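Architecture and fold: a report
Given next are the chains, with one letter for each unit.
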Amino acid sequence: MRFRSTDVVCLPSSRVNAHERAMTADLLVEMLREAQPAERARVARRLCALSDIPNVLARLLLRDGIEIARPLIEEATLSDADLLGCIREGGPDHRKLVARRREVSEVVSEVLVDLGPLTVVEQLLKNAGARLSQTALEAAVAASRSHAPLTALLLKRPELRPSQAYVMFWWAEPEERRQVLTRFAVSREVLQDAAGDVFPMAAAEGWSD
């Protein structure tokens, strides 16, 4: 019965109308609440092929254990609302998978950076398909002061602004400092002027490698 209901939900719109699909999805949700994890995982895998997963099913399964939610997070077409619910109510493993998705919107990226942990932020920065807002970048730049691996990852992001790179310069490793100088063509004089705002004594004495 459970899987016949899944079959109905997965039928094309030419064979089942929106009302019938919604009613069947509601019934399936109630069944899945009492189902074994293996049964819920099977339904989640079936739903991955749908371009428009009923919201009630997405909400239930995306918040489930990671092995149940995994195929949906990795493969399914999901709205930002679906993903935000998943990362806010799921665990770190859910967030890592969201951070690796082929495409991650700015809105989702901001919440991932905000909620962390930092291993999630690392995954997000490695993802070329993720779009990062300036709010997310500023938060990641601030975190890089105490979590060194973020600095190198941030320097590879196309969204990074010169001002953000200059901030990281002061705690970056020598090779990362060279990257800042090369990418943003920062002169010694510019860095000394910038240092005057943050480290007055450093500017007075002159900066050196």
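Structure shown above.
Residues numbered from 1 in each chain as written. Predicted model: local features only at pLDDT ≥ 70, side-chain atom pairs only at ≥ 80, totals over all residues. Heavy atoms only, no water.

Moving on, we come to the side chain of Ser133. One can find Ser133 in the loop between helix 9 (118-126) and helix 10 (134-144). Other than its neighbours up to four places away in sequence, Ser133 contacts Glu106 and Glu110. (Helix = DSSP H or I, 4+ residues; strand = E, 2+ residues; numbered from the N terminus. Contact = heavy atoms within 4.5 Å.)

Turning our attention to helix 8 (residues 106-115). Listing the buried residues of helix 8 in full gives Val108, Ser109, Val111, Leu112 and Val113. Taken together, the buried residues of helix 8 touch helix 6 (80-89), helix 7 (92-99), helix 9 and helix 10. Gly116, located one to two residues past helix 8, shows a positive phi value of around 65 degrees. (Buried < 20%, exposed > 50% of the residue type's maximum accessible area, 1.4 Å probe, protein only.)

Turning next to the environment of Glu75. Relative to the assigned elements, Glu75 resides in helix 5 (residues 66-75). On the accessibility criterion, Glu75 (57% relative accessible area) is exposed. For the pair formed by Glu75 and Arg101, sequence separation is 26 residues and the distance between their alpha carbons is 8.2 Å.

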